[in-house]
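Here's the letter readout for the chains.
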Amino acid sequence: MPRITVNVDGTTYTDEVQPRTLLVQYLREQLGKVGTVVGCDTSNCGACTVHMDGHSVKSCSVLAVQADGHEITTIEGLARDGQLHPMQQSFHDNHALQCGFCTPGMIMQALDLLAENPEPDEQQVREGLEGNLCRCTGYQNIVRAVRDASERMRPGAGPPMEHSEPTSPPRTATEQDRAQVTGGQHS
Amino acid sequence: MTAIPTTPGTEPELGRARKRKEDARLITGSTRWTDNMALPGMLHLAVLRSPIAHARIASIDADEARRMSGVQAVLTGRDLADEQGSLPCAWPITEDMKSPQAPPMAVDEVHFAGEVVAVVAARSAAEARDALDAIDVDYEDLPVVLDMESALADDSPLVHSDLGTNRNATWTFDSAEAGTGGDVEQALADAEVRVERTFRQQRLIPAFMEPRSVVVDPTGEQFTMWSATQVPHILRTMLAMTLGVPEQKIRVIAPDVGGGFGGKLQVTPEEVITFLLARRLGRPVKWTESRSETMVSAHHGRDQVQKLALSARRDGTVTGLKVELLADMGAYLRLVSPGVPILGALMFNSIYKFPAYHFTCTNVFTNKTPTDAYRGAGRPEATFAIERMMDELAAELDMDPLELRRKNWIGRDEFPFTTIAGLTYDSGDYEAATDRALELFGYRQLREEQARRREQGDTVQLGIGVSTFTEMCGLAPSRVLGSLSYGAGGWEHAQIRVLPTGKVEVVTGVSPHGQGHVTAWSQIVAERLGVPFDDVEVLHGDTQSSPRGLDTYGSRSLAVGGVAAVHAADKVIEKAKTIAAHLLECSEDDLEFSGGRFGVRGTDQGTGLADVALAAFAAHDLPEGIEPNLDAEASFDPENFSFPHGTHLCATEVDTETGAVRIRSYVCVDDVGTVVNPLIVEGQVHGGLAQGIAQALYEEAVHDEDGTLTTATFADYLVPSAADLPEFTTDRTETRATSNPLGVKGVGEAGTIASTPAVVNAVVDALRPLGVDDVEMPCSPQRVWRAITGTRTSSDTAAEAGGGLGSMDTGGGFAAGSQGGSR
Ligand code: FES
Ligand code: FES
């Protein structure tokens, strides 16, 4: 069996995995990272969305072996020192979830969306979330939450969204995301 | 009603937009979905399903599968035949209803594609799935029955040959016979104007986001089942009755449940099979379905053909309504399948004063996935049909559709009003909701723009759709359920425990799966007992901690379960009052309870609920015969349904060249009675709208001519994404329900029920000058385009049983091919 080394939410794991094991199965079944969920088997729902090196991926369409040497952030790795990430806070404040099953994927995708476009208008948010289905909310409050988060995450407005190096100086979310998009600063 | 105590100077809990307690875990991934469970020694179950809609099982060869790595057991229906029982149907709507045997796993014959034929239990889910591929099933094809109308023909093949018919039951209501009104045939014969239409309610898939999952642990004194269910209490009782297991030996837990919408109101084959496997193997067993399994095997919704005739006078006054339905049960009767259309039977007359009404529904078996409750269950069908008919009548009379409705609806000063269907609507104000909606919508301006565009012959036409709906919810008065032959009551239960430290636990019998009950119940009890919101914990969804309840569906939780919590709180106050009077050495009559405190009238003396709770706990000095706690429980059985209503207005832009429909604006004003938490209410409305609009424009479960579901993934079954839906404008008017002390009516289904006809009416309204008087749902670009070009007339639509986006008609009347949309 192939051997992989993956950093997930700040912890490094070295494991043997079957070649066919999906990243989401590895997260849930081998690492116990059950905050990330599976909603479909055709890569349509987005419930499984996580970040790989700062970019959103549907973890049901990535093999665990493809994550070898990469850094994964899940919904469980967003809050820092008991502080919710601004995106999580916005989802709460705007009642952007009901059953909450789509929420982890929705939040991870929304972060990716803001990394690409820090100040999206309503339509841009809707289009940016097109690959993530929610059956409960009708999306209106999700759209509100993402736009609210974009306000909160303006440079200087909030704590860093993810960090790979605990020693790195605090950066704003958008700065960090821009850095991730351009491929900089991540090991 | 007694005044609700509030702490002076603080914002009242009732009506407050509290952010939800539930969110903290859900937004951080600290969740308890059933599939998250992992128990020591747990085996994984994989299910082999029939790919064929109707066949005899000639043989099953599982020898190779049994030898595969990690496989503990492979079982077929034959292996479980003696112990698996028949899945329950709790709603025998007529005495002569035909019920087929419904084994959880097929034994000799399969009746729909997706039915369970074998299961594998293995060490890992992957090994279990691998072994499925090694099972060889030999099927002998039988003729498939797919179309309801031909299913009823004398020479039709049969879904269940032993029943001798494909007719499940026929249920009738007639106002002349019931003594609630006149004779419809007479009304139709005397009509100055008659409108006749046939509508098709396409088959839908509830599509909750969390796939179903079950874990059964047989290693304790009780069998413990975790299931992604809406109905842990019903499930427990039904498992006991189906399998003959003593009820006290079963504990059912609904942990975090990711949506239901009626789709998890069920006792599923897989729940029973997982239970049996765990019992047989003596080890915990887990089954989690793939989405493709959900689509074919979890019950579907809607699927009716609705034939309506409406009579009226030239001035617009309606005089009679006749409704004839065919409802597709699919291959088996599930928990409430036959009763779903009956939930709509009393709602076709809606808010209008029809003097004569007749309803008949014939339920039909076909070789398709069973149907059952889906958000609204019967009432969206009724609302769609009547609201479409009212628009058609308005067009016929060249009247404004709202003017026509005003002319016929129950006036605000006419409540309580007993309808032609025999229900008593306790309260409502259709004028207020409509006036507010018109104002928010800009109705007059939009009509002017519409006229301009029509005049100019724009390729993109504007349509305005109206839906003034009501629904019966708060299911349900037990005596009414009894009169409808339902197998259980409709009460709900709550218990309140006041802990020695003054904190409060509320145990409720409803079982939330996204609705926010923990927050809302905390508000209700905090307000009633005058304790802080954060001091209230709400327990639910576990038959051990919450022993009594009838669970969550039919917009019942607040109007029945929430009211039970109010009654339990009032009992707590009564109990505490006796002890408080004793402690304060005064008469109970001298005490008044407010803001969590018992005060002696006319003095500054008093004691808080927490002190009384501690005194009760210590029990050192209690009055004679008083037990040492403040706990109380209450069951509430409503006297009547509640009747939320509202006015929904939709403006669509329809491209007459491409058939594309865009919702330009959507306004709804709902009256759901008193509101406990406006944030949650608004969220329920949004989600409901999304599902109702999805029926109007996007979703359809399509079967091919062999009975194979061709829309079996999210690539083919078009659950709308954020980009497919508009921004909604929502508002509320408020008339209190008189049937419960909170004045609440329920909100879970309103958006879904009201929105579908508003959207379709808007589509048809845009195209009416082109001679279009109906567009079949979902109003895909192709359907709209065909309606415009007159490729097919609307009255032909009933016999056609399929076709989504991009589907093509075939000679047999069934659509072939799959929906063309994809993501
Ligand atoms: S689980 Fe649906 S996209 Fe990954
Ligand atoms: S909150 Fe339930 S699916 Fe989105």
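Thresholds applied
Residues numbered from 1 in each chain as written. Chains lettered and ligands numbered in written order. Predicted model: local features only at pLDDT ≥ 70, side-chain atom pairs only at ≥ 80, totals over all residues. Heavy atoms only, no water. UniProt positions renumbered as here; feature names shortened; annotations may be inferred. Domains from an automatic or database assignment. Contact = heavy atoms within 4.5 Å. Buried area = accessible area lost by both parts, 1.4 Å probe. Salt bridge = Lys/Arg side-chain N within 4 Å of Asp/Glu carboxyl O. Polar contact = N/O pair within 3.5 Å; in protein donor to acceptor, adjacent residues only side chain to side chain. Helix = DSSP H or I, 4+ residues; strand = E, 2+ residues; numbered from the N terminus. Nonpolar A, V, L, I, M, F, W, Y, C, P; charged D, E, K, R; others polar. Buried < 20%, exposed > 50% of the residue type's maximum accessible area, 1.4 Å probe, protein only. Lys, Arg positive; Asp, Glu negative; His and termini not counted. Disulfide = S-S within 2.5 Å. Core = buried A, V, L, I, M, F, W, Y, C linked by side-chain atoms within 4.5 Å. Expected span 1.5 Å × (residues − 1). Patch = residues over 30% accessible without salt bridge, like charges linked within 9 Å, V, L, I, M, F, W, Y side chains within 5 Å. Areas by Shrake-Rupley, 256 points an atom, 1.4 Å probe, with all protein chains shown as cover. Charge placed at Lys NZ, Arg CZ, Asp CG, Glu CD. Pairing = 2+ DSSP bridges.

Going by an unreviewed UniProt entry, chain B carries the name Carbon-monoxide dehydrogenase large subunit and comes from Halopolyspora algeriensis. Regarding chain B, the relevant UniProt record gives this comment under Cofactor (unreviewed entry): "Mo-molybdopterin cytosine dinucleotide".

In the nomenclature of an unreviewed UniProt entry, chain A corresponds to Carbon-monoxide dehydrogenase small subunit from the organism Halopolyspora algeriensis. Its UniProt record, at the heading Pathway (unreviewed entry), says of chain A: "Alkaloid degradation; nicotine degradation."

Glancing now at the domain arrangement of chain A. Residue and element names in this part refer to chain A. Entries for chain A in the domain assignment read domain 1 (3-77) and domain 2 (86-181). Opposite the 20 residues of domain 1 that make contact, domain 2 presents 18 residues. On the domain 1 side of the contact with domain 2, His51, His55 and Ile75 bury the most area, a combined 32% of that side's loss. For the pair domain 1 and domain 2, the interface holds zero salt bridges. Taken together, the links from domain 1 to domain 2 amount to seven residue pairs in polar contact (both at pLDDT 80 or more). Those elements giving two or more residues to the side of domain 1 that touches domain 2 turn out to be strand 3 (49-52), strand 4 (55-58) and strand 5 (71-73). Tallied by class, residues from the side of domain 1 that touches domain 2 come to six nonpolar, 11 polar and three charged.

This brings us to the side chain of aspartate 217 of chain B. All names here are of chain B. Among the secondary structure elements, aspartate 217 is positioned in strand 9 (residues 213-217). No salt bridge forms around the buried aspartate 217; measuring N to O, its nearest opposite-charge neighbour arginine 251 is 8.6 Å away. Polar contacts involving the side chain of aspartate 217 include one to the side chain of threonine 219, which spans 2.6 Å. Residue contacts for aspartate 217: discarding those within four places in its chain leaves Leu39, Gln222, Phe223, Thr224, Trp226 and Pro284.

Working definition: the covalent bond between the sulfur atoms of two cysteines is a disulfide. Residues and elements named next belong to chain B. Evaluation of the coordinates by the stated rule reveals zero disulfides over all chains. For cysteine 668, which is in no disulfide, the shortest distance to another cysteine sulfur is to cysteine 650 and amounts to 11 Å. Cysteine 668 gets classed as buried once you look at its relative accessible area, which sits at 0%.

Residues and elements named next belong to chain B. Under the domain assignment, chain B is made up of domain 1 (34-142 + 211-257 + 264-297), domain 2 (301-475 + 640-789) and domain 3 (491-636). Distance from the C-alpha centre of domain 2 to the C-alpha centre of domain 3: 40 Å. Contact with domain 2, which involves 20 residues of that partner, is made by 17 residues of domain 3. A buried area of about 1300 Å², summed over both sides, lies between domain 2 and domain 3, and 66% of it is on carbon and sulfur atoms. The tally of links between domain 2 and domain 3 comes to zero salt bridges. At the surface where domain 2 touches domain 3, the tally comes to seven residue pairs in polar contact (both at pLDDT 80 or more).

What follows is about the interface of chain B and chain A. Opposite the 54 residues of chain B that make contact, chain A presents 42 residues. Here chain B meets chain A over a buried area of about 4100 Å², counting both sides, of which 55% is carbon and sulfur. At the junction of chain B with chain A, the criterion picks out five salt bridges. Of the charged contacts, one joins aspartate 35 of chain B and arginine 28 of chain A as a salt bridge, the two residues approaching to 2.9 Å between their closest N and O atoms. The tally of links between chain B and chain A comes to 25 residue pairs in polar contact (both at pLDDT 80 or more). For the side of chain B that touches chain A, the secondary structure elements donating two or more residues are helix 1 (23-26), helix 4 (125-132), helix 10 (291-297) and helix 20 (678-697) of chain B. For the side of chain B that touches chain A, the leading source of residues is helix 20 of chain B, giving nine residues.

Counting residues in each nonpolar core, the largest one holds 202 residues, and the members touching the most others are Met87, Phe91 and Val146 of chain A together with Leu310, Phe348, Phe359 and Tyr666 of chain B. A total of nine residues in this core trace back to one element, the largest contributor, which is helix 12 (residues 379-397) of chain B. With residues up to four places along the chain from it excluded, the contact list for phenylalanine 359 of chain B reads Trp171, Thr172, Phe173, Val323, Leu325, Pro341, Ile342, Ala345 and Phe348 of chain B. One finds Ile524, Ala559, Ala581 and Leu630 of chain B within the second-largest nonpolar core, a separate group that totals 49 residues.

Quick look at the side chain of glutamine 201 of chain B now. Residues and elements named next belong to chain B. Checked against the element boundaries, glutamine 201 lands in strand 8 (residues 193-204). When its relative accessible area of 0% is taken as the criterion, glutamine 201 is described as buried. A distance of 3.4 Å separates a polar atom in the side chain of glutamine 201 from a polar atom in the side chain of glutamine 306. There is a polar contact of 2.8 Å between the side chain of glutamine 201 and the side chain of glutamine 695. Contacts of glutamine 201, omitting those with residues within four sequence positions, involve Arg302, Asp303, Gln304, Gln306, Pro380, Glu381, Phe384, Gln695 and Met777.

Moving on, we get to helix 20 of chain B. Residue and element names in this part refer to chain B. In this model helix 20 runs 28 Å from its N-terminal to its C-terminal C-alpha over 20 residues, within 8% of the 28 Å that 1.5 Å per residue would give. Burial of helix 20 is extensive: 18 of the 20 residues sit out of reach of the surface. Two or three places before leucine 679, at the start of helix 20, stands the capping residue asparagine 677, its side-chain oxygen 2.9 Å from that residue's backbone nitrogen.

Glancing now at a negative patch on the surface. A cluster of like negative charges, contributed by Asp61, Glu64, Asp136 and Asp138 of chain B, occupies part of the molecular surface. Relative to the assigned elements, aspartate 136 of chain B resides in strand 6 (residues 136-141).

All names here are of chain B. The element strand 5 (residues 116-122) is extensively covered by neighbouring structure, given that seven of its seven residues are classed as buried. Summarising the sheet, strand 1 (residues 43-49) and strand 5 pair through six bridges and their orientation is antiparallel. By the bridge assignment, leucine 45 is partnered in strand 5 with alanine 121. Note that strand 3 (residues 71-76) and strand 5 share five bridges and pair antiparallel. What sits directly across from alanine 73, in strand 5, is alanine 121.

Bringing the pattern of salt bridges into the picture now. This structure, assessed with the given rule, holds 74 salt bridges over all chains. Between lysine 19 of chain B and aspartate 93 of chain A there is a salt bridge, with the nearest N and O atoms lying 3.1 Å from each other. Of this pair, lysine 19 of chain B sits in the segment before helix 1 while aspartate 93 of chain A sits in helix 2 (residues 86-93), on two different chains. For lysine 19 of chain B, a relative accessible area of 39% translates into the label partly exposed. A salt bridge links glutamate 653 of chain B to arginine 453 of chain B; the nearest nitrogen and oxygen atoms lie 2.8 Å apart. Pair noted here: glutamate 653 of chain B is in strand 26 (residues 645-655) and arginine 453 of chain B is in helix 15 (residues 443-456), with a separation of 200 residues, a long-range link. Here glutamate 653 of chain B and arginine 453 of chain B have matching classes, each one buried. Here the salt bridges do not stand alone but share partners, grouping Arg197, Arg388, Glu392, Arg768, Asp773 and Asp774 of chain B into one network.

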